[in-house]
Amino acid sequence: MRTQVAIIGGGPSGLLLSQLLNKAGIGTVVLERQSREHVLSRIRAGVLERSTVDLLHQAGAGERMDREGFAHHGCYLSSDQQMIRVDFQEACGHKVMVYGQTEVTRDLYEAQDALGAAHIHGVENVVLHDVKGAAPYVTWDKDGTSHRLECDFIAGCDGFHGVSRRTIPDDVRREYEKVYPFGWLGVLSETPPVRDELIYANHPRGFALASMRNEMLSRYYIQVPLTDKVEDWSDNAFWAELKARLPQDVAADLVTGPSIEKSIAPLRSFVSEPLRWGALFLCGDAAHIVPPTGAKGLNLATSDVHYLSQGLLAHYNDNDPSGLDGYSQKALARIWKAMRFSWSVTTMMHSFPEHSDYDRQMQRVELEMLATDPSARKLFAEGYTGTPL
Ligand code: FAS
Ligand code: PHB
């Protein structure tokens, strides 16, 4: 079997890359470890930057998002003293789209089906070969049979735990990591959102986030110790703790209900450089992880895909290698800006066990500046709504 671009991983990165390339006439094969149902069962991101919205339109997968997504022109940041609204439109002239990653993935699958795209699910033991050579190929097992795919390029879109990043030799890779001393316990509930915009809450008991998917589907998070397990948290205990961390007037309006999904995600900041090794290009969580506080994870994945797809189009259409040669440097420039934003909001909003009174005072000053300083609000709004591609 042969294709132009082998794509390892059928999450948002792999699906969007396959869709953009297929629409331009470039052949791909997506190799995904899980079933489509499993991929679509994941509850992940909820906020799309304007660049992600534009890319989904470009991919022909934005129609339902336009119909069912919600444009948000601001968000709230609360502490035990105040509730601040940052007006994105006023501060930087942009907005975000609230539309779940699960729906983005579903829309991309449907768009890929319409093109008759090649997806192989349930692959095992994927191995990348001759990545630095002239004839790269991928092998894998499925249903007890071994398979081989010859290709020109390999896109590593297989997430943090995938095989692609580890194909780059240890002495070539340079990795940067910060592991936060807490995780997020997330709950999805078929209840009306407590406010019409997101609320990020800094509280001495810990961080909380009130988000949503639609008028009758809410997504809430509370910071929990890394030692906590989902089974430690009954729905009642979750709702009581969320109420304790939200401003009183908001807590009084909170409609609770049974959780239809409940999970704990650890928080880390992680970048692996370079993003290219011969014919292999890393995209999305395969290359970097951000704490979800800044809503950057999915949006960084799509910007990587944009830069890589542009480079591949230039290679195939104009025999121009510059996009591929410059991919790593260009993608990393945007990745590191998003890393800083995600780290700064995480540091400002969470309760750190090692924090001193001075550290907590710095958090208060950061929030006070967002309440009173237009330049602070502009920097936050630009970080949140996304820098241009
Ligand atoms: P993904 O991890 O989504 O997809 C990788 C795919 O590769 C998976 O389908 C996997 O099955 C497959 N794969 C792995 N190894 C393979 C192999 N060896 N062979 C073949 N296939 C393989 N981001 C936000 O912006 N906001 C959030 O609130 C948020 N919450 C998150 C919660 C959790 C629990 C997690 C894990 C992530 C969260 N993220 C969030 C980040 C998340 O949205 C990612 O940024 C996004 O899924 C990145 O997409 P991909 O790069 O496609 O990686
Ligand atoms: C979500 O709705 O899942 C969500 C929104 C914003 C974040 C993180 C998660 O910063």
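Up top is the structure.
Residues numbered from 1 in each chain as written. Chains lettered and ligands numbered in written order. Predicted model: local features only at pLDDT ≥ 70, side-chain atom pairs only at ≥ 80, totals over all residues. Heavy atoms only, no water.

K.L.:
Help me get a handle on the packing of helix 12 (residues 357-372) against helix 13 (residues 374-385), residues and values and all.
P.N.:
Look at helix 12 against helix 13: their axes get within 6 Å of each other, and the N-to-C directions meet at 100°. When the axes of helix 12 and helix 13 are compared, the pair comes out roughly perpendicular. Together, Met369, Leu370, Ala371 and Thr372 of helix 12 and Pro374, Ala376, Arg377 and Phe380 of helix 13 make up the contact between the two elements. Considered class by class, the residues forming the contact of helix 12 with helix 13 number 6 nonpolar, 1 polar and 1 charged. (Axes fitted to C-alpha atoms, helices over the stretch in contact; angles between N-to-C directions. Helix = DSSP H or I, 4+ residues; strand = E, 2+ residues; numbered from the N terminus. Parallel < 35°, antiparallel > 145°, perpendicular 65-115°, else oblique. Contact = heavy atoms within 4.5 Å. Nonpolar A, V, L, I, M, F, W, Y, C, P; charged D, E, K, R; others polar.)

K.L.:
Outline the site of ligand 1, listing residues and values.
P.N.:
Around ligand 1, a shell composed of 30 residues is seen, among which Ser13, Glu32, Arg42, Gln101 and Asp285 lie nearest. With respect to ligand 1, the backbone of glycine 297 contributes an N or O atom lying 3.2 Å from an oxygen atom. Between ligand 1 and leucine 298, the relevant distance is 3.2 Å, taken from an oxygen atom to a main-chain nitrogen or oxygen of the residue. Coverage of ligand 1 by the protein amounts to 85% of the 1,000 Å² it exposes when considered alone. When contributions to the shell around ligand 1 are tallied by element, the ones reaching two or more residues are helix 1 (12-23), strand 2 (28-32) and helix 9 (297-318). The class makeup of the residues in the shell around ligand 1 is 14 nonpolar, 9 polar and 7 charged. (Near = heavy atom within 4 Å. Polar contact = N/O pair within 3.5 Å; in protein donor to acceptor, adjacent residues only side chain to side chain. Areas by Shrake-Rupley, 256 points an atom, 1.4 Å probe, with all protein chains shown as cover.)

K.L.:
Lay out the sheet that holds strand 4 (residues 70-72) with the relevant residues and their values.
P.N.:
In spatial order, the strands read 3-7-4; together these 3 strands make up an open sheet with antiparallel pairing. Two strands lie at the open edges of the sheet, namely strand 3 (47-48) and strand 4, each paired on one side alone. By the bridge criterion, 2 bridges tie strand 3 to strand 7 (residues 96-98) in an arrangement that is antiparallel. Following the sheet pairing, valine 47 is matched in strand 7 by valine 98. (Pairing = 2+ DSSP bridges.)

K.L.:
Kindly report on the pattern of salt bridges, identifying the contributing residues and their values.
P.N.:
Evaluation of the coordinates by the stated rule reveals 26 salt bridges. The residue arginine 64 makes a salt bridge to glutamate 68 at a minimum N-O spacing of 3.1 Å. Of this pair, arginine 64 and glutamate 68 both sit in helix 4 (residues 63-68), 4 residues apart, roughly one helical turn. Salt-bridge contacts for arginine 64 lead to glutamate 103; the nearest nitrogen and oxygen are separated by 2.8 Å. On the criterion of sequence distance, the pair formed by arginine 64 in helix 4 and glutamate 103 in helix 6 (residues 101-115) is long-range, its members being 39 residues apart. Residue glutamate 103 is classed as partly exposed on the basis of its relative accessible area, which comes to 23%. One network of salt bridges, with partners in common, ties together Glu63, Arg64, Arg67, Glu68, Glu103, Arg106 and Asp107. (Salt bridge = Lys/Arg side-chain N within 4 Å of Asp/Glu carboxyl O. Buried < 20%, exposed > 50% of the residue type's maximum accessible area, 1.4 Å probe, protein only.)

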